[in-house]
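Listed here are the chains, written in short residue letters.
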Amino acid sequence: MFQLDLRSRVPIYEQLVEKLKELIIHEVFQKDEQLPSVRALAGDLTINPNTIQKAYRELEHQGYIYSIPGKGKFVSPQAHATNNEKVKKMKKDLIKLISEALYLGINKEEILSLISEAEQTVKGGGSSD
């Protein structure tokens, strides 16, 4: 499914959270689709099941997945719109990044092109690389 960098300074559970969010955003996992069980994913990735559990807990806290007791973890139907505080922080971070890009000489048209490319990627159109 995906690889984790065991030598990275980023904790494994955070890498797992980011990879799973990416798969959800790019609709590899569809809304209401069941995620792999903790035991199965831990076996596939050869990491501690507690690490998987921690990542799933974080994804649930962020609104990307939900849990049904006795059934498992599932992708939330409206995962992208559930966390207003995170959206506010992301907008603030984007303003900083865009300001830095403009300062470094990237023009507005290039930035808008990158936004369009990202939008197409999220909508399943692939990238234009």
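Residues numbered from 1 in each chain as written. Predicted model: local features only at pLDDT ≥ 70, side-chain atom pairs only at ≥ 80, totals over all residues. Heavy atoms only, no water.

1. Quick word on the environment of Ser-8
For clarity, the cut-off: Put simply, DSSP H or I for four residues or longer makes a helix, DSSP E for two residues or longer makes a strand, and each gets a number counted from the N terminus. Within 3.5 Å is the distance limit for a polar contact, defined as a pair of N or O atoms, with the added protein rule that one can donate a hydrogen and the other accept it, and that residues adjacent in sequence qualify only through two side-chain atoms.
Relative to the elements of secondary structure, Ser-8 occurs in the segment before helix 1 (12-25). For Ser-8, the side chain forms a polar contact with the main-chain nitrogen of Val-10, separated by 3.0 Å.

2. Thoughts on the pattern of salt bridges
Our working definition: Each salt bridge in this description consists of a side-chain nitrogen of Lys or Arg and a carboxyl oxygen of Asp or Glu lying within 4 Å of one another. Classification of residues uses two cut-offs on accessible area relative to the type maximum, computed with a 1.4 Å probe and protein chains only: under 20% is buried, over 50% is exposed, and between them is partly exposed.
Summed over the entire model, instances satisfying the criterion amount to 2 salt bridges. Between Glu-18 and Lys-21 there is a salt bridge; the shortest N-O distance is 3.4 Å. With a gap of 3 residues between them, Glu-18 and Lys-21 both fall in helix 1, about one helical turn apart. Exposure remark for Glu-18: the relative accessible area of 46% places this residue in the partly exposed category.

3. With respect to the packing of helix 2 (residues 38-45) against helix 3 (residues 49-62)
Put simply, the test is: In this analysis an axis means a line fitted to C-alpha atoms, helices contributing only their contacting stretch, and an angle means the value between N-to-C directions, from 0 to 180 degrees. Roughly parallel means an angle under 35 degrees; roughly antiparallel, over 145; roughly perpendicular, 65 to 115; everything else is oblique. Handedness of a crossing follows from how the near helix is turned relative to the far one, being left-handed for an anticlockwise turn of less than a right angle and right-handed for a clockwise one. Whether two residues are in contact is decided by their heavy atoms, any of which lying within 4.5 Å being enough. Classification convention: Asp, Glu, Lys, Arg as charged; Ala, Val, Leu, Ile, Met, Phe, Trp, Tyr, Cys, Pro as nonpolar; all other residues, Gly among them, as polar.
Where helix 2 meets helix 3, the axes come as close as 8 Å, and the angle between the chain directions of the two elements is 120°. In terms of axis orientation, helix 2 runs oblique to helix 3. For the crossing formed where helix 2 meets helix 3, the hand is right-handed. Residue-level inspection shows Val-38, Leu-41, Ala-42 and Leu-45 of helix 2 in contact with helix 3, the latter providing Pro-49, Ile-52, Gln-53 and Tyr-56. Grouping the amino acids of the contact of helix 2 with helix 3 by side-chain chemistry returns 7 nonpolar, 1 polar and no charged.

4. Details of the pairing of strand 1 (residues 65-68)
Here is the rule we go by: Paired strands, in this sense, are two strands between which DSSP finds at least two bridges.
With 4 bridges joining them, strand 1 and strand 2 (residues 72-75) adopt antiparallel strand pairing. When the sheet's bridge partners are listed, Ile-68 is paired in strand 2 with Gly-72. The antiparallel hairpin formed by strand 1 and strand 2 contains 3 residues in its connecting segment, where Gly-70 sits at a positive phi of about 85°.

5. Points about the nonpolar core
Heads up, the condition is: We define a nonpolar core as any set of buried Ala, Val, Leu, Ile, Met, Phe, Trp, Tyr and Cys residues linked to one another through side-chain atoms lying within 4.5 Å.
Within the largest apolar cluster, 21 residues are counted, with the highest numbers of intra-cluster contacts made by Leu-16, Leu-20, Leu-45, Ile-52 and Tyr-56. Among the elements that make up this core, the one with the highest residue count is helix 1 (5 residues). In this structure Leu-45 touches Phe-2, Leu-4, Leu-16 and Ile-52, once residues within four positions along its chain are discounted.

Function cannot be read off these values alone, since they describe shape.
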